[in-house]
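Below are the chains, spelled out letter by letter.
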2 protein chains.
Amino acid sequence: MQVGKLVEQWRRARMKVGLVPTMGALHQGHLSLVSLALGEADRVIVSIFVNPSQFGRGEDLSSYPSNFDEDLKKLDEAGVHCVFFPSVDEIYPEGFSTSIHVSGLTDTLCGKYRPEHFDGVATVCSILMSIVRPDIAVFGRKDAQQLAVIRRMVDDLRLGVEIHAGDIIREPDGLAMSSRNSYLDPDERRQAPVIHSGLSRAAVLVSKGERDTERICGAVREAIAEASLATLQYLELVDPDSMKPVSKLTTPALLAVAVYFGHTRLIDNVILKP
Amino acid sequence: MQVGKLVEQWRRARMKVGLVPTMGALHQGHLSLVSLALGEADRVIVSIFVNPSQFGRGEDLSSYPSNFDEDLKKLDEAGVHCVFFPSVDEIYPEGFSTSIHVSGLTDTLCGKYRPEHFDGVATVCSILMSIVRPDIAVFGRKDAQQLAVIRRMVDDLRLGVEIHAGDIIREPDGLAMSSRNSYLDPDERRQAPVIHSGLSRAAVLVSKGERDTERICGAVREAIAEASLATLQYLELVDPDSMKPVSKLTTPALLAVAVYFGHTRLIDNVILKP
C-alpha cells in the first residue's frame, strides 16, 4: 500500500501520525527519536533515504554507511508501524527541477562549508512530509542547524507538521552518536571524544561566569587542539533560532563545532546558558 | 473563519474545492478561470494577493492596479464561495526566509528578464495552496511559463493539487486581457493589438508549411515593428513543457512574446502546431 494511503486510513481512524526521517545506518540516536515519536503519536513511520542532493561534490555519498536489514530489525523491535524507503527515482523522478532554499539561517556553521547541503535537506524533507503527511516529525538536536532550517521551512511553507526535537545521544565516552563514527579508525575513535570534552569545558567556563565568546571558544579550541588527529573546521557561538553569531553570552546560545578526523567530518553542539 | 478550516469542512462534506489565485484588478480573463473552476469544483475560493516577492526592483509593484470593491462585486456575481485576501504580513510573517526555485524552466522567456520573478511566484503559490489545500487550482495560459513552473513545482513537491489551465481571453481587437492594459495611454492601446496580430501571422505561416524558427520569428518581429510605440523584449519559440528553445517546428511549440509600450510590459503567446 502507498504510504500516503496508509496515513489517510490512520488519520480517518483519528490516529496521530509521526514521521522520523533518517538516512539509515541507524544507531541509538535515531532510536531515541523513534521512541520520542512513539510517545507522541499513535502511528510512527520511519523513512530511510540517503538523499543525494544533500551531499556536495567530494563528500561521502558513495561511501555513506548502509545496513538495511539491521535497520529493519531495529525498527521492528522498536515498534515502528511502517518503514518508508523510497528509491532515488521515486523522490526525484525524471525532470525534477525544484529546490527549497532557506536564507539567513544557512549562512553560518555547516551552511558555510556545505553550500547546497541545506537546500537538499529542506527539499527532501518537504517532499517526505508531503508524501507522508504526518502530524508530527522528529529531528535530532545534533543537527541543530538542520533543525532550525526545517522549523523555518515548515512554518514558512505552511506544511502543517509539528516539529519535535530529540536530544543528542552519546557514547559512554561522550562522543555524539553518528552514522559517520563508523568511518573512524581506532586512533581517531580514541581521540574523537575530545569534541564533547571541549564543549563541556565551555559549559564549565560559562557556569563560572565567563560570557565572552572569544574566551569561551578559545578554551574549546585549545581542548580540541590537544587531539593530534583533529582538525577544526568551525567553532561558532550562535543564536539558536537565527544561527547568527553572538559576541557575548546574554541569552542561551548554541555552541556548534565541526571537526575532521582524517576524511571523517563530525559535528556536535551544546546549548550554553548564561 | 480561517480559510483552511472552511475548506476542511467542505472536504468533510465530500465537496471538491478549487482555488483561483489572482493579484486582483480582475478582468474577463480572471473570470473565465473562475468559471472554469466552478465547472470543475463544488466550492471555489479566489485569492487576491499582490505578491511583493514576484516584482523586481523598478517593476510596477507600487503602481499595480487595484480595485478591491469592484473585484468583490465581480466575484460575488460569478458565484464564488469565498474570497481570500491575506495581508503581506499574513503570507510573509516576520522572519520569513524560505524560497522555492524551479530550475531550467525559468531560464528562458520572462525568467531571463525577471530573474527572481518565478521564485516569488512558486513560493507564494505553494503557500496559498498549503493554506487553502484545494483539490484543484486554475491558472491562465497567458502566463504560459508561470503555468509550466507551477505544474513542475506542484509535481516535484507533491502538493497534491491538480492544476487546470484556462485559455487566453482577448479584447475584441485581439489584445490579450491583462490588468496591466490599464497602464496604456490611448495611442499605445490602439497599437497594442499588433502583438496578437503578429502571433497570428506566425500561425498563418505555419499553416502554410513554414517550420523554420528564424523565419517564423522574423515575420512576427516585422509585424510588431510596424507599431511605432512597441519595443520587443523577447520573442522565442520554445517547447511548451521544458521552455527550451526549438529551432524547427516538429511538435507543438509555444511562441511567446514580451513587448514594451512605454513603461508597460505586455506578454502574449500562441501554441504553434506543425
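In this text, all values refer to a predicted model and were calculated from it rather than measured experimentally.

Novice: Even after reading the chapter, I still don't get the overall build of chain A, so can you show me in this structure?
Specialist: Scanning chain A from N- to C-terminus turns up 10 helices and nine strands. Its C-alpha radius of gyration of 19 Å places chain A within 12% of the 19 Å reference for a compact globule of 274 residues. Once the C-alpha set of chain A is aligned to its principal axes, its extents read approximately 55 × 40 × 40 Å. Within chain A, counting contacts between residues at least 6 apart in sequence, those at least 24 apart form 70% of the total.

Novice: Even after reading the chapter, I still don't get the interface of chain A and chain B, so can you show me in this structure?
Specialist: How big an interface is tends to be stated in terms of accessible area lost as the parts join. Counting residues at the interface gives 20 residues for chain A, matched by 20 residues for chain B. Counting residues per element, the ones that place at least two in the side of chain A that touches chain B are β4 (98–102), α6 (117–132) and α7 (144–156) of chain A. Per-element tally for the side of chain A that touches chain B: the top contributor is β4(A), with five residues. Of the residues belonging to the side of chain A that touches chain B, the class tally is nine nonpolar, eight polar and three charged. Note that β4(A) and strand β4 (residues 98–102) of chain B share five bridges and pair antiparallel. The partner of Val102(A) across the bridge, within β4(B), is Thr98(B).

Novice: What exactly am I supposed to notice about the pairing of strand β2 (residues 43–48) of chain B here?
Specialist: Regular strands place side chains that alternate from one sheet face to the opposite one. All names here are of chain B. Within β2, six of the six residues are buried, which leaves it mostly tucked inside the rest of the structure. The side-chain alternation of β2 yields two buried faces, one formed by Arg-43, Ile-45 and Ser-47 and the other by Val-44, Val-46 and Ile-48. Pairing analysis gives six bridges linking strand β1 (residues 17–22) to β2, with the strands arranged parallel. The partner of Pro-21 across the bridge, within β2, is Ser-47.

Novice: Which parts of the structure should I look at to understand helix α2 (residues 28–40) of chain A?
Specialist: Every α-helical turn comprises 3.6 residues, leaving residues that sit three or four positions apart pointing alike. Residues and elements named next belong to chain A. With 13 residues, α2 should reach 18 Å at 1.5 Å per residue; the first-to-last C-alpha distance of 18 Å fits that figure. Of all the residues in α2, the buried ones are Gly-29, His-30, Leu-31, Leu-33, Val-34, Leu-36 and Ala-37. Looking at the buried positions of α2, the neighbouring elements they touch are β1 (17–22), β2 (43–48), α3 (68–78), β5 (136–140) and β6 (162–166).

Novice: Looking at this model, I keep getting lost on the domain arrangement of chain A. Mind explaining?
Specialist: Residues and elements named next belong to chain A. With domains assigned, chain A is organised as domain 1 (3–166) and domain 2 (179–272). The centre of domain 1, based on its C-alpha atoms, is set 25 Å off from the matching centre of domain 2. Counting from both sides, the interface comprises 15 residues of domain 1 and, opposite them, 17 residues of domain 2. For the side of domain 1 that touches domain 2, the elements supplying multiple residues, two or more each, are α5 (109–113) and α7. Element by element, the count of residues in the side of domain 1 that touches domain 2 is highest for α5, at four residues. Along the lines of polarity and charge, the residues of the side of domain 1 that touches domain 2 split into nine nonpolar, four polar and two charged.

Novice: So what exactly am I meant to see when it comes to the sheet that holds strand β8 (residues 253–261) of chain A here?
Specialist: In a beta sheet, neighbouring strands are held together by backbone hydrogen bonds and run either parallel or antiparallel to one another. Residues and elements named next belong to chain A. Reading across from one edge, β7-β8-β9 is the order of the three strands in this open sheet, with antiparallel pairing throughout. The two strands at the open ends of the sheet, each matched to only one other strand, are β7 (230–238) and β9 (264–272). If you compare each strand with its neighbour and ignore which way they point, the axes differ by 15 degrees on average. As judged from the eight bridges shared by β7 and β8, these two strands associate in the antiparallel manner. Looking at β8, one finds that Leu-235 is bridged to Val-257. Running over the sheet, helix α10 (residues 213–225) touches β7 and β8 and is turned about 160 degrees from β7.

Novice: Explain the relation of the copies chain A and chain B here, please?
Specialist: Here the two chain copies are tied together by a rotation about an axis and a shift along that axis. Least-squares fitting of chain A to chain B yields an RMSD of 0.0 Å, with the transformation described by 0.0 Å of translation along the axis and a rotation of 180 degrees. Taken together, the rotation angle and the small translation identify this as a two-fold axis. In terms of C-alpha distance to the rotation axis, chain A has Ile100(A) as its closest residue, with the C-alpha 2.3 Å off the axis. When the interface residues of chain A are mapped onto chain B, 100% of them again fall at the interface, so both copies present the same face.

Novice: Is there a simple way to think about the sheet that holds strand β3 (residues 82–84) of chain A in this case?
Specialist: Residues and elements named next belong to chain A. Taken in spatial order, the five strands of this open sheet run β3-β2-β1-β5-β6, and their pairing is parallel. Edge positions in the sheet fall to β3 and β6, since each has one partner strand and no second. Taking the axes of each pair of neighbouring strands and ignoring which way they run, one obtains an average angle of 25 degrees across the sheet. Across two bridges, β1 lies against β5 in parallel orientation. Along β5, the bridge assignment pairs Gly-18 with Ile-136. Against the sheet, α6 touches β1, β2, β3 and β5, its axis set at about 150 degrees to β1.

Novice: Just to check I follow, could you spell out unusual backbone geometry for this structure?
Specialist: When glycine is set aside, most residues are seen to have a negative phi, and most peptide bonds are trans. One non-glycine residue with positive phi stands out, namely Met243(A), at about 65 degrees. With respect to the helices and strands, Met243(A) occurs in the loop between β7 and β8. At Arg158(B), a position not held by glycine, the phi torsion is positive, near 55 degrees. As for its placement among the helices and strands, Arg158(B) is situated in the loop between α7 (144–156) and β6 (162–166). The class for Arg158(B) is partly exposed, based on 17 C-beta atoms found within 10 Å.

Novice: Just checking my understanding: could you explain the confidence of the model for chain A for this structure?
Specialist: Segments scoring low in pLDDT should not have their predicted coordinates read at a detailed level. On average, residues of chain A carry a pLDDT of 97, and 100% of them reach 70 or more. Here the complex is predicted with pTM 0.97, and the ipTM for its interfaces comes to 0.96.

Conventions we followed
Residues numbered from 1 in each chain as written. Chains lettered and ligands numbered in written order. Predicted model: local features only at pLDDT ≥ 70, side-chain atom pairs only at ≥ 80, totals over all residues. Helix = DSSP H or I, 4+ residues; strand = E, 2+ residues; numbered from the N terminus. Rg over C-alpha atoms; globule rule 2.2 N^0.38 Å. Contact = placed C-beta atoms within 7 Å. Nonpolar A, V, L, I, M, F, W, Y, C, P; charged D, E, K, R; others polar. Pairing = 2+ DSSP bridges. Buried ≥ 20, exposed ≤ 12 C-beta atoms within 10 Å, placed from the backbone. Expected span 1.5 Å × (residues − 1). Domains from an automatic or database assignment. Axes fitted to C-alpha atoms, helices over the stretch in contact; angles between N-to-C directions. Least-squares fit on C-alpha atoms with pLDDT ≥ 70 in both. pLDDT = per-residue confidence, 0-100.

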